[in-house]
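# Understanding the architecture of this molecule
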Amino acid sequence: MQTVEWWQNAVIYQIVPWSFLDTDGDGRGNLDGIIDKLDYIAALGVDAIWLTPIYESPMDDLGYDITDMLDIDPVIGDLNVFDKLVKLTHARGLKLVVDQVWGHTSDRHFWFLESRSSRDNDKADWYVWADPKADGSPPNNWLSAFNGDTAWAWEPQREQYYLFHFLKSQPKLNWENPDVLDAILERAEFWLDQGVDGFRIDAPNFFLHDPELRDEPMRPEGSPWPDGIDPKNPMAKQIFQNSFCRPESIEALRPIRKLVDRYPGTVTLAEVTLCEDSIILSSEYVKGTHYAHLAYNSALLVDQPISAKLMKDTLTRVQRYFANGGNCWMVGNHDYGRLRSRWAGHDQDGNPYPETFYHQAAAMLVAMPGALCLYQGDELGLSEARIPEDIPVDQIQDPFGKALYPDVPGRDGSRTPMPWQSAAPGVGFSSREDTWLPVPESHRSRAVDVQTEDPGSLLNTWRRLLHWRKNQPALMQGSCRILDIEDSIFGFIRETQQQRLLCLFNLSPETAYFNLDESMLPGVDAVGAGLLAKRNGNMLRLRGYGYYFGNLQPQSQPANSSSAKDTLADEDVSESESAFVKEEISL
Ligand code: BGC
């Protein structure tokens with residue numbers, strides 16, 4: 001049997017350290033806080049942790065503006081605590097993946113301080129410098145993703161512009177320069193030697209640009225919006241082909257992969273969200289064995305009601321472009337807002353999604369093929385914090401949110417601290433109440449302590465599903481056949497030689513029916529997953545936003561043989577005893 005690497009179907013829990021747990025009372029979370037909560041993370045049933053940047057940084061952009069890639073920011077901890085974290089994470093059977101920001105540094109990084117000082121210093125070509133046009137204006141029309149304006153900043157000492165794709169304080173490193181690549185590899189190796197299990201690679205599609213610095217063409221009226229960008233962001237007016245999203249950026253990952261391959265079991269997860277078509281481009285990043293292992297895209301980072309058609313079309317495209325795997329589902333993170341609020345919160349008729357929908361979403365996400373990132377707090381069903389109701393305008397922290405307020409909501413809404421204890425003054429996140437971002441009052445009732453006590457809570461549903469998933473060979477390594485079902489049901493069959501699992505999701509508020517045909521019988525309801533459906537003979541009745549998992553007769557066996565029951569994984573045998581007892585879980 002083909003070996004399945006741990007990361008191929010891993011569930012990766014994303015942590016923003018500043019917002020996880022503050023153990024020293026400065027209102028900002030730290031590595032000690034993550035250590036304190038390792039048992040919580042392990043009990044959730046995820047496979048790995050991804051930490052957003054922990055390195056020394058002035059924090060202009062949540063740590064994605066680094067001044068020293070080889071050290072931990074003192075607010076977050078130090079290398080000794082990090083070492084402890086690595087060991088304790090591994091002791092719980094979890095992997096640890098760290099963010100790496102290789103496209104740019106902070107403008108306070110010593111490399112940049114030297115580079116900007118003259119045109120002939122040792123680091124003169126470490127960043128992207130260009131002369132102005134004859135009239136003194138920037139070299140071309142490229143726009144920054146964050147300020148809605150030019151991507152070039154003037155440096156009087158050199159009388160040249162430097163390129164930045166995000167903030168002016170995040171100058172772009174020059175990936176054409178082999179010395180830059182050597183320095184990056186050295187830093188990557190340092191973290192591998194600290195025992196990390198891999199890297200989340202920040203925005204690799206921004207690594208290289210058109211060497212001739214040609215203008216971006218303007219997007220023709222009526223043509224599709226690019227992926228991963230708010231349509232109100234002025235940048236969306238251009239087509240992304242010269243300033244970033246160049247094929248050369250994919251090739252640029254070769255030396256990184258070569259290095260990582262020297263550390264067996266480590267993984268690279270590329271972020272490919274902002275581009276013309278993020279499913280297609282992200283799939284290019286995992287083609288073959290020379291680039292990233294996994295990539296995530298913005299296909300499900302949408303802000304709209306989730307329909308069966310949308311899920312089916314998305315999974316169909318992912319299956320097509322990621323024919324050899326490598327997709328990592330991303331449904332919410334520190335850049336795109338909370339799953340609960342983005343997946344519209346309302347159905348097509350304007351009715352708010354009932355709680356059931358979010359339980360179903362969890363079931364759907366654990367069942368889809370590939371890896372999955374789960375963003376801290378999404379397991380609690382936290383809603384997006386609103387500005388100004390939850391976060392006063394003068395407390396906006398996100399530079400992008402600040403620059404484009406009120407046209408775009410910014411990213412603070414998904415970065416508020418984790419609510420651990422509903423009744424504690426700092427919700428158990430911090431001993432102080434004035435935390436770096438305020439915690440919305442509405443998050444108290446969704447705190448971890450409240451949900452842990454409630455067997456029907458979303459947190460407990462995630463826990464149940466994530467643990468159940470680990471014992472389903474079909475979900476951990478099975479193929480996936482999308483069912484051609486009309487209407488509101490999204491369905492597929494996951495299959496290995498051992499198990500054939502039917503997965504159905506009713507994505508409408510109305511009850512829906514599904515007739516199990518002969519090829520699907522006899523079947524055994526996978527009650528361990530907590531079904532939101534009932535079966536009567538061959539007929540399945542899925543309640544509004546209900547879901548169903550059933551173990552089907554493996555296709556290789558004759559229909560009258562001893563049934564799927566005999567082929568189930570150990571844990572399922574007890575489930576099979578209750579087969580055909582069709583109790584829904586109560587929510
Ligand atoms: C990160 C963002 C960050 C940007 C610039 C990304 O894509 O996820 O949070 O602002 O890169 O580093």
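Data block above holds the structure.
The structure contained in this document is the topic of the report that follows. (Residues numbered from 1 in each chain as written. Predicted model: local features only at pLDDT ≥ 70, side-chain atom pairs only at ≥ 80, totals over all residues. Heavy atoms only, no water.)

### Things to note about the site of the ligand
The criterion, for reference: For this description, a residue counts as near a given molecule or strand if any of its non-hydrogen atoms is within 4 Å of it. Under the rule applied, a polar contact is a pair of N or O atoms within 3.5 Å (in protein, one hydrogen donor and one hydrogen acceptor; residues adjacent in sequence only if both atoms are side-chain atoms). For every accessible area listed, the method is Shrake-Rupley and the probe measures 1.4 Å; residues are considered covered only by the protein chains on display. For this classification, the nonpolar set comprises Ala, Val, Leu, Ile, Met, Phe, Trp, Tyr, Cys and Pro, the charged set comprises Asp, Glu, Lys and Arg, and every other residue, Gly included, is treated as polar.
Near the ligand lie 13 residues; those nearest to it are Asp 61, Asp 202, Glu 271, His 334 and Asp 335. Here an oxygen atom of the ligand sits 2.6 Å away from a polar atom, N or O, in the side chain of Asp 61. In the environment of the ligand, an oxygen atom lies 3.0 Å from a nitrogen or oxygen atom belonging to the side chain of His 104. Contact with the protein chains hides 96% of the accessible area of the ligand, taken as 310 Å² for the molecule alone. Looking at the shell around the ligand, its residues break down into three nonpolar, three polar and seven charged.

### Some details on unusual backbone geometry
Heads up, the condition is: The secondary structure listing takes helices from DSSP runs of H or I that are at least 4 residues long and strands from runs of E that are at least 2 residues long, numbered from the N terminus.
The peptide bond linking Ile 387 to Pro 388 adopts the cis configuration, its omega dihedral lying at 10°. Mapped onto the elements of the fold, Pro 388 is located in the loop between strand S13 (371-375) and helix H12 (399-403). Of the consecutive residues Tyr 405 and Pro 406, the connecting peptide bond is found in the cis state with omega at 0°. Tracing the backbone shows Pro 406 in the loop between H12 and helix H13 (448-453). The backbone phi angle of Met 59 is positive, close to 65°, even though this residue is not glycine.

### A short note on the packing of aromatic side chains
Convention followed: A pair of Phe, Tyr and Trp rings is counted when the ring centres sit within 6.5 Å of each other, with Trp represented by its six-membered ring. The angle between the planes then sorts it: under 30 degrees is stacked, over 60 is edge-to-face, the rest tilted. Residue burial is assigned from relative accessible area. The probe radius is 1.4 Å, only protein chains are included, and a residue is buried under 20% of its type maximum, exposed over 50%, and partly exposed in between. Distance and angle both matter: a charge sits over a ring if NZ of Lys or CZ of Arg is within 6 Å of the ring centre and within 35 degrees of the ring normal.
By the definition in use, this model includes 36 aromatic pairs. Judged by centre distance (4.7 Å) and plane angle (45°), the rings of Trp 468 and Phe 549 are tilted. Residue Trp 468 is found in helix H14 (residues 458-470), and its partner Phe 549 is found in strand S21 (residues 547-551); the two are separated by 81 residues along the sequence. For the pair formed by Trp 468 and Phe 549, the shared burial category is buried. Members of the aromatic cluster, joined through ring pairs, are Phe 146, Phe 166, Phe 206, Phe 240, Phe 244 and Phe 400. Positioned above the aromatic ring of Tyr 358 is the side chain of Arg 340, whose terminal nitrogen or guanidinium carbon lies 4.3 Å from the ring centre.

### Some points on the sheet that holds strand S16 (residues 500-506)
Basically, it comes down to this: Pairing between two strands is assigned when DSSP locates at least 2 bridges connecting them. Whether two residues are in contact is decided by their heavy atoms: any pair within 4.5 Å suffices. Note on geometry: axes are lines fitted to C-alpha atoms, helical ones only across the stretch in contact, with angles between N-to-C directions running from 0 to 180 degrees.
An order of S14-S15-S16-S21-S18 is seen for the five strands of this open sheet, with the pairing classed as antiparallel. Single-partner strands in this sheet number two, and they are strand S14 (479-482) and strand S18 (524-525). The pairing of S16 with S21 spans five bridges and is classified as antiparallel. Each bridged residue has a counterpart across the sheet, and for Phe 505 the counterpart in S21 is Tyr 547. The sheet contacts of helix H11 (residues 355-367) involve strand S15 (489-495), S16 and S21, and relative to S16 the element is tilted by about 145°.

### Details of the packing of H11 against H14
Rules: For classification purposes, angles smaller than 35 degrees are called roughly parallel, those larger than 145 roughly antiparallel, those between 65 and 115 roughly perpendicular, and all remaining angles oblique. Two helices that cross are described as forming a left-handed crossing if the nearer one is turned anticlockwise from the farther one by less than a right angle, and a right-handed crossing if clockwise.
Where H11 meets H14, the closest approach of the two axes is 10 Å, and the angle between their N-to-C directions is 20°. Comparing the axis directions of H11 and H14 gives the class roughly parallel. Our pair here, H11 against H14, has a crossing hand that is right-handed. The segment H11 lies against H14, with Glu 355, Tyr 358, His 359, Ala 362, Ala 363, Leu 365 and Val 366 engaging Leu 458, Thr 461, Trp 462, Leu 465, Leu 466 and Arg 469. Residue composition of the contact of H11 with H14, by class: nine nonpolar, two polar and two charged.

### Thoughts on the pairing of S15
In terms of residue burial, S15 counts as a mostly covered element, since six of its seven residues are buried. Relative to S15, S14 runs antiparallel, the two sharing four bridges. Bridged to Arg 481 within S15 is Ile 493. Between the end of S14 and the start of S15, which pair antiparallel, lie six residues, with Asp 487 showing a positive phi angle near 70°. The pairing of S15 with S16 spans seven bridges and is antiparallel. Pairing of Arg 494 across the sheet is with Leu 501, part of S16.

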